[in-house]
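Observations on chain architecture
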Amino acid sequence: MEAFAASRLASVTFMSLESHRTIAPKTISRFTSVYFPSEHGANSRIFTGNTYYAVPMKKSVKANEILTGLLSVKVQEDMSRSTGIAPVLAQCHTPDKQADDARFWIAATNSPLPGLSNEIYLTKSQKSSLAAEIASRIRN
């Protein structure tokens, strides 16, 4: 797919966000990116993703400085440039179109939910609800 896009032989491509992230910036920059159309509007969509917490185990000025630093614009931009992952903060510059697109898509939806791989953290009622929803989608 990337070869067709790079050769300008594809006017439209469909790919997962993960695949979108692997396309060369020179190739992807010629395209307008939108997430897959859905019967649900952006305000009712929810992405999934891991949630990370930092909880200092004791009062420490150094630990607070580190945590505050991790959420600074400069550090977020540096981490985004070195990892390719979109920064958390809206005011940060992104290293490429893919990181900017991912941040925009997530910002345009509701708060992300834990990924499906995190089902061990679901309550019994949440697991039942998830199972019922999956079964409903399969039947319909």
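Each chain has its residues counted from 1, running along the sequence as written. Only residues with pLDDT of 70 or above have their local features reported here, since the model is predicted, and side-chain atom pairs are shown and tallied only from 80 upward, although totals for entire chains, interfaces and linings are computed over all residues. Only hydrogens and water are set aside; all other atoms, that is, all heavy atoms of the structure, feed into the side-chain values.

1. Considering unusual backbone geometry
At Arg-8, a residue that is not glycine, the phi angle is positive and equals roughly 60°. Secondary structure is summarised from DSSP: a helix means a run of H or I of at least four residues, a strand means a run of E of at least two, and numbering begins at the N terminus for each. Note on placement: Arg-8 falls in the loop between helix H1 (2-6) and helix H2 (17-20).

2. Some points on empty space enclosed by the protein
Cavities and pockets are found on a 1 Å grid laid over the protein atoms alone: a cavity is a set of points where a 1.4 Å probe fits but cannot escape, a pocket is an open set with protein on both sides within 12 Å along at least five of seven lines, and a lining residue has an atom within 4 Å of such a point. Grid points are joined across faces, edges and corners, and a volume is the space filled by probe spheres set on the points. One pass over the structure, following the stated rule, counts one cavity of 30 Å³ or more. What the largest cavity holds in volume is close to 40 Å³. Residue polarity is assigned by list, with Asp, Glu, Lys and Arg as charged and Ala, Val, Leu, Ile, Met, Phe, Trp, Tyr, Cys and Pro as nonpolar; anything else, Gly included, falls into the polar class. Along the lines of polarity and charge, the residues of the lining of the largest cavity split into six nonpolar, one polar and one charged.

3. Quick word on helix H5 (residues 73-83)
For each residue, the accessible area found with a 1.4 Å probe, counting protein chains only, is set against the maximum for its type, and the residue is called buried under 20%, exposed over 50%, and partly exposed in between. When we look at burial in H5, the residues that qualify are Gln-76, Glu-77 and Ser-80. The arc enclosing the buried residues of H5, seen along the axis, measures out at 100°, which places them on a common side. Along H5, the residues that are exposed and aim more than 90 degrees away from the buried face are Lys-74 and Ser-82. Note on contacts: a residue pair is in contact if any heavy atoms of the two residues lie within 4.5 Å. Those residues of H5 that are buried lie in contact with helix H4 (61-70) and helix H6 (97-107). Just beyond H5, the residue with positive phi is Gly-84, at close to 85°. In this description, one arc is meant: the one made by directions from the helix axis to the C-beta atoms.

4. Concerning the side chain of Arg-103
Along the chain, Arg-103 falls in helix H6. Within the structure, Arg-103 has its side chain in polar contact with the backbone oxygen of Cys-92 (distance 2.8 Å). Each polar contact in these results corresponds to two N or O atoms within 3.5 Å; when the atoms are within protein, one needs to be able to donate a hydrogen and the other to accept it, and residues that are neighboring in sequence are counted only if both atoms are side-chain atoms. Of the polar contacts made by the side chain of Arg-103, one reaches the side chain of Asp-100; its length is 3.3 Å.

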